[in-house]
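Remarks on the overall topology
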Amino acid sequence: MSTQFSADFAGLTAFPNLLRAWRQASRGKRGSLAAATFEDRLADRLLQLQDELRSGQYQPGNYTHFYVHDPKRRRISAAPFRDRIVHHALCNVVEPLFEAQFIADSYANRIGKGTHRAINRLQQFARRFAYVLRLDIVKHFPAIDHAILCETLAQTVDDPATLDLAANIVSSGAGVLDQEYTPPFFPGDDLLALCRPRGLPIGNLTSQFWSNVYLHPFDLFVRDELGCRAYLRYVDDFALFADDKRTLWQWKDAVRQRLAALRLEFHPGSAQVQPVTHGIAWLGFVVFPTHRRVKARRVVQASRRLGGRFAAWQRGEISFAEFDASVQGWINHVRHADTWGLRRHLLEPFVF
């Protein structure tokens, strides 16, 4: 059972916290028109935002939508700049309460965690156990149910004004991803279930945090109720390890039922129990107990992207430093696998 803590709304809306939130929201964005406009009369705008929050008049603005392909096609919803300040201010106060509860092996959007630590941990488990069950959730962000999320938040946060603000931000995302996902019917549903508000805008700082909050009870279920000694999760990708297949097949059925209570489901086609020696597809890599490889699809994508950046540099559209940053970024990512030959092969065509 979760313990409730106070997330003081006065502290959330205090000027020092709003100023800190502005710095966080503007990091790397101060050249943008929206950030520069807000900074023009910074103190006045922060005081106005503070007044709106404390009087209950604050309302989130409209999202700007666009698509990215990295590697899947995703609809990104960008909140107005002032709303991003509110998101940071809220997370500054609420996130520490949940960080104290989150399991150690949840790796996404947390300080000191991240992709490469998740890969290292997966390989550690692959060296200790014979079999793995790897699962990923169908349309995770579009499927998150607003009522369940708010109930989960209320189990830890007991400040009514903070919960009202969180609910306001959550509800602002209702419908933004409806075209990306058709929800299934779960046991006990009627036709009104299709009308349940759902979906978190991909791109919000709060959405990344809410995702971990939403799945935290599930993490505890796998660890404590199933008794899985080797489990880790990165956003909506997770893996369970054991030394026998039967246990993992039983856990798979239990996981299906527990996710249904959260109005989520996993992709059935990829949810197979397999020996760890076959390699585990994980965050763009294929991880074996003894080594790692980059997924072939990611290699093709990197080749096309770096080729495009090289051509743009030759045409004078970007500087060499910008092209080099792309190369170094890719190298820093794939160096966490056995890729010396791959790096040399992929970079050979770029003749200077």
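In what follows, the structure referred to is the one given above.
A few words on the environment of alanine 311. As for its position among the elements, alanine 311 is in helix α12 (residues 296-314). The exposure class assigned to alanine 311 is partly exposed, which follows from its relative accessible area of 24%.

Core analysis: the biggest nonpolar cluster contains 95 residues, and Phe218, Leu240, Phe241 and Trp282 have the highest contact counts within it. Element by element, the count of residues in this core is highest for helix α5 (residues 81-99), at 10 residues. If near-sequence neighbours (up to four positions away) are discounted, phenylalanine 218 is found in contact with Tyr231, Phe238, Val255, Arg258, Leu259 and Leu262. Core analysis: the second largest hydrophobic core is formed by 7 residues, Leu306, Phe310, Ala312 and Ile318 among them.

Attention shifts here to the pattern of salt bridges. One side chain can pair with another of opposite charge once the charged atoms of both are near each other. Here the structure, examined in full by the defined rule, presents 14 salt bridges. Here arginine 198 and aspartate 178 are joined by a salt bridge, their closest N and O atoms 3.7 Å apart. A residue pair is termed long-range when its members are at least 10 positions apart, and arginine 198 in the loop between α9 (160-171) and α10 (205-225) and aspartate 178 in the loop between α9 and α10 qualify at 20 residues. Judged by relative accessible area, which is 12%, arginine 198 ranks as buried. Given a relative accessible area of 34%, aspartate 178 falls into the partly exposed group. Look at the salt bridges and you will find they share partners, linking Asp145, Asp189, Arg196 and Arg263 into a network.

Counted according to the given criterion, the structure contains 2 cavities of 30 Å³ or more. If you add up the space inside the largest cavity, you get close to 80 Å³. Considering the residues around the largest cavity, the lining is formed by Ala143, Asp145, Tyr181, Pro183, Phe186, Ala193, Arg196, Arg198 and Arg263. A per-class count over the lining of the largest cavity returns 5 nonpolar, no polar and 4 charged.

In this section: the side chain of asparagine 92. Within the secondary structure, asparagine 92 sits in helix α5. You can call asparagine 92 buried: its relative accessible area is 16%. There is a polar contact of 3.1 Å between the side chain of asparagine 92 and the side chain of asparagine 17. Once residues lying within four places of it in the same chain are set aside, the contact partners of asparagine 92 are Asn17, Arg20, Ala21 and Gln24.

A few words on the sheet that holds strand β7 (residues 280-282). Taken in spatial order, the 3 strands line up as β7-β8-β9 in an open sheet, and their pairing is antiparallel. Each edge of the open sheet is held by one strand with a lone partner, namely β7 and β9 (292-294). Sheet twist, expressed as the average angle between the axes of neighbouring strands with direction ignored, equals 30°. Sheet strands in contact with helix α6 (residues 115-128) are β7, β8 (285-287) and β9, and its direction is about 165° off that of β7.

Attention now goes to the sheet that holds strand β4 (residues 231-234). Strand order in the open sheet formed by 4 strands is β4-β5-β3-β6, and the pairing between neighbours is antiparallel. Each having just a single partner strand, β4 and β6 (273-275) make up the two edges of the open sheet. With strand direction ignored, the average angle separating the axes of adjacent strands in the sheet is 25°. Across 6 bridges, the pairing between strand β3 (residues 131-136) and strand β5 (residues 237-242) is antiparallel. If you follow valine 132 over to β5, its bridge partner there is phenylalanine 241. Along the sheet, α6 contacts β4 and β5; its crossing angle with β4, the most-contacted strand, is approximately 155°.

About the criteria used
- Residues numbered from 1 in each chain as written.
- Predicted model: local features only at pLDDT ≥ 70, side-chain atom pairs only at ≥ 80, totals over all residues.
- Heavy atoms only, no water.
- Helix = DSSP H or I, 4+ residues; strand = E, 2+ residues; numbered from the N terminus.
- Buried < 20%, exposed > 50% of the residue type's maximum accessible area, 1.4 Å probe, protein only.
- Core = buried A, V, L, I, M, F, W, Y, C linked by side-chain atoms within 4.5 Å.
- Contact = heavy atoms within 4.5 Å.
- Salt bridge = Lys/Arg side-chain N within 4 Å of Asp/Glu carboxyl O.
- 1 Å grid on protein atoms, 1.4 Å probe; cavity = no way out; pocket = protein on both sides within 12 Å on 5 of 7 lines; lining within 4 Å.
- Points joined across faces, edges and corners; volume = space filled by probe spheres on them.
- Nonpolar A, V, L, I, M, F, W, Y, C, P; charged D, E, K, R; others polar.
- Polar contact = N/O pair within 3.5 Å; in protein donor to acceptor, adjacent residues only side chain to side chain.
- Pairing = 2+ DSSP bridges.
- Axes fitted to C-alpha atoms, helices over the stretch in contact; angles between N-to-C directions.

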